[in-house]
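Working through the structure, step by step
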Amino acid sequence: KISLIIYPLLESDFCLGMYDTGEKIYQEIAWSLDLGQDIVMQTMIAKDELVQDIFTQNHESHLTKTLHERKLYHLPPYARYARITFTGKKSDDVSGISIIWHDRLIALRDELWVQAQIIHHPSLTKRIGDIYNAQIFIRSRESEMILGALSAEIAKNRNITLDYL
């Protein structure tokens, strides 16, 4: 049995940059408290709402704030994220095809009257080993409408993968 859990410099956990980092921290600490474990936390943000909700075990307050933030910033479950990855042996080919697809996705979004944020930057083409890859991110409540129109083409192409995040 673990009798003591120490969180040195809690702020460093917030540097992960994921939209649900605060929730994961909350869940981990609240779960430990529910088990009756002693917790020592070193923090410079003791008055932060998340830290206060953890130690007062105000689950309802935390959930209400979390859902409000997710709705405000169009995060799941109020939107879905999808990533299209393009791979190939030549940087210019991968970058070029990703630009073409980006333009197609923008046109399709406008044609379908779908609210979607489509994020792409050709300078982010990366090399991993001898393979180059570029990515397009889509954030929308209706990302399936956009991607559904292109699903057959995505499925037939071995150099394009689709992931829902």
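This section reports on the structure supplied with the text. (Residues numbered from 1 in each chain as written. Predicted model: local features only at pLDDT ≥ 70, side-chain atom pairs only at ≥ 80, totals over all residues. Heavy atoms only, no water.)

**Considerations on the pairing of strand S1 (residues 4–7)**
Along S1, the buried face is formed by Ile5 and Tyr7; none of Leu4 and Ile6, which line the opposite face, is buried. Strand direction decides the pairing type here: S1 and strand S2 (residues 38–41), joined by four bridges, are parallel. Directly across from Ile5, in S2, lies its bridge partner Ile39. (Buried < 20%, exposed > 50% of the residue type's maximum accessible area, 1.4 Å probe, protein only. Helix = DSSP H or I, 4+ residues; strand = E, 2+ residues; numbered from the N terminus. Pairing = 2+ DSSP bridges.)

**Description of the packing of helix H1 (residues 21–34) against helix H2 (residues 49–56)**
When two helices pack together, their arrangement is captured by the angle between the axes and the distance separating the axes. Taken N-terminus to C-terminus, the directions of H1 and H2 make an angle of 20°; their axes are 9 Å apart at the nearest point. On the basis of the axis angle, H1 is roughly parallel to H2. Two packed elements cross with a definite hand, and for H1 against H2 that hand is right-handed. Contacts from Gly22, Tyr26, Ile29 and Leu33 of H1 reach H2 at Leu50, Asp53, Ile54 and Phe55. Within the contact of H1 with H2, the residues separate by chemical class into six nonpolar, one polar and one charged. (Axes fitted to C-alpha atoms, helices over the stretch in contact; angles between N-to-C directions. Parallel < 35°, antiparallel > 145°, perpendicular 65-115°, else oblique. Left-handed = near helix turned anticlockwise from the far one by under 90°. Contact = heavy atoms within 4.5 Å. Nonpolar A, V, L, I, M, F, W, Y, C, P; charged D, E, K, R; others polar.)

**Describing the packing of aromatic side chains**
Aromatic ring pairs are defined here through the distance separating the ring centres and the angle between the ring planes. Enumeration according to the criterion identifies one aromatic pair in this entry. Between the NZ or CZ atom of Arg80 and the centre of the ring of Tyr164, over which it lies, the distance is 4.2 Å. The aromatic ring of Trp101 is capped on one face by Arg104, whose charged end is 4.8 Å from the ring centroid. (Phe/Tyr/Trp six-rings, centres within 6.5 Å; stacked < 30°, edge-to-face > 60°. Lys NZ or Arg CZ within 6 Å of the ring centre and 35° of its normal.)

**So, H2**
What H2 keeps buried is the set Leu50, Val51, Asp53 and Ile54. The arc that holds every buried residue of H2, seen down its axis, measures 160°, which confines them to one face. For H2, the exposed residues set more than 90 degrees away from the buried face come down to Glu49 and Thr56. On its buried face, H2 sits against H1, S2 and helix H3 (59–72). (Arc of directions from axis to C-beta.)

**Description of the pattern of salt bridges**
Applying the stated rule across the entire model yields nine salt bridges. Measuring nitrogen to oxygen at the nearest pair gives 2.9 Å for the salt bridge that ties Asp53 to Lys65. Note that Asp53 is positioned in helix H2 and Lys65 in helix H3, a separation of twelve residues in sequence. Accessibility expressed as a relative area gives 27% for Lys65, which makes it partly exposed. Because the salt bridges share partners, they merge into one network encompassing Glu49, Asp53 and Lys65. (Salt bridge = Lys/Arg side-chain N within 4 Å of Asp/Glu carboxyl O.)

**Notes on H1**
The end-to-end C-alpha separation of H1 is 20 Å, in line with the 20 Å expected for 14 residues at 1.5 Å each. Those residues of H1 not exposed but buried are Thr21, Gly22, Glu23, Ile25, Tyr26, Ile29, Ala30, Ser32 and Leu33. Structurally, H1 contributes buried residues whose contacts are with S1, S2, H2 and H3. Where H1 terminates, the next one or two residues include Gly36, which has phi positive at roughly 80°. (Expected span 1.5 Å × (residues − 1).)

**Structural notes on unusual backbone geometry**
One can expect most non-glycine residues to show negative phi and most peptide bonds to be in trans. Pro76 connects to Pro77 through a cis peptide bond whose omega is 10°. Summarising the element assignment, Pro77 is placed in the loop between H3 and strand S3 (80–88). Despite not being glycine, His74 has its phi angle at roughly 55°, a positive value. As for its position among the elements, His74 is in the loop between H3 and S3. Looking at His74, the relative accessible area reads 36%, which means it is partly exposed. Positive phi values are uncommon outside glycine, yet Trp113 reaches one of about 55°. In this structure, Trp113 sits in the loop between helix H4 (91–112) and strand S4 (116–120). Note on Trp113: relative accessible area 79%, which makes it exposed.

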